[in-house]
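# Understanding the architecture of this molecule
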Amino acid sequence: MRCIITGCNNSAEHNFSARLRRPDTSAIWAPNTEAFLCDDHAVNGMKIKVILEPTQTGNIETEISSPGGRVAKRTTLIINNP
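Here's what I pulled together on the structure shown here.

### So, the overall build of the protein
The helix and strand inventory of the protein stands at one helix and six strands. Along the protein, helices (α) and strands (β) appear in the sequence β-β-β-β-α-β-β when read from the amino end. Summarising its shape, the C-alpha atoms of the protein cover approximately 40 × 25 × 20 Å along the three principal directions. Burial analysis of the protein (82 residues in total) assigns 22% to the buried set. Within the protein, counting contacts between residues at least 6 apart in sequence, those at least 24 apart form 50% of the total. Of the roughly 6300 Å² of accessible surface on the protein, 50% is carried by carbon and sulfur atoms. One way to put it: in the protein the 9 positive side-chain charges average out to a point 3 Å from where the 8 negative ones average out.

What counts, and at which threshold
Residue indices begin from 1 for each chain and proceed along its sequence in written order. Per-residue local features of the predicted model are confined to residues with pLDDT of at least 70, and side-chain atom pairs are confined, for both listing and counting, to 80 or more; whole-chain, interface and lining totals are unaffected and use all residues. To obtain the side-chain values, all non-hydrogen atoms of the structure were included, while hydrogens and water were left out. Runs of E in the DSSP output that reach at least two residues are strands. Runs of H or I that reach at least four are helices, and both are numbered from the N terminus. A simple rule labels every residue: compare its accessible area, found with a 1.4 Å probe on the protein chains alone, to the largest value its type can have, and call it buried under 20%, exposed over 50%, or partly exposed in between. Contacts between residues were defined by any pair of non-hydrogen atoms, one from each residue, lying within 4.5 Å. All accessibility values rest on the Shrake-Rupley procedure with a 1.4 Å probe; residue burial counts only the protein chains present in the view. Counting rule for charge: Lys and Arg are taken as positive, Asp and Glu as negative, and neither His nor the chain ends is counted. The location of each charge is read from NZ of Lys, CZ of Arg, CG of Asp or CD of Glu.

Structure representation (structure tokens):
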């Protein structure tokens, strides 16, 4: 995989994911995305912006990108409904 950071051509093996937890810390959903980070970008710090848009699809739709770069999209079915 190639790093999702614009202009970075490093090999990337660290998968970005999102998780929504209940108060008991179990996950309602925790999809992996199609975005990967290289070692350098994984450990040097990151500014993360999140936009939440409710749907009624029963899916988690993720779109990950860095400014000016490609978008990594993935749709994951929610199988652990509360």
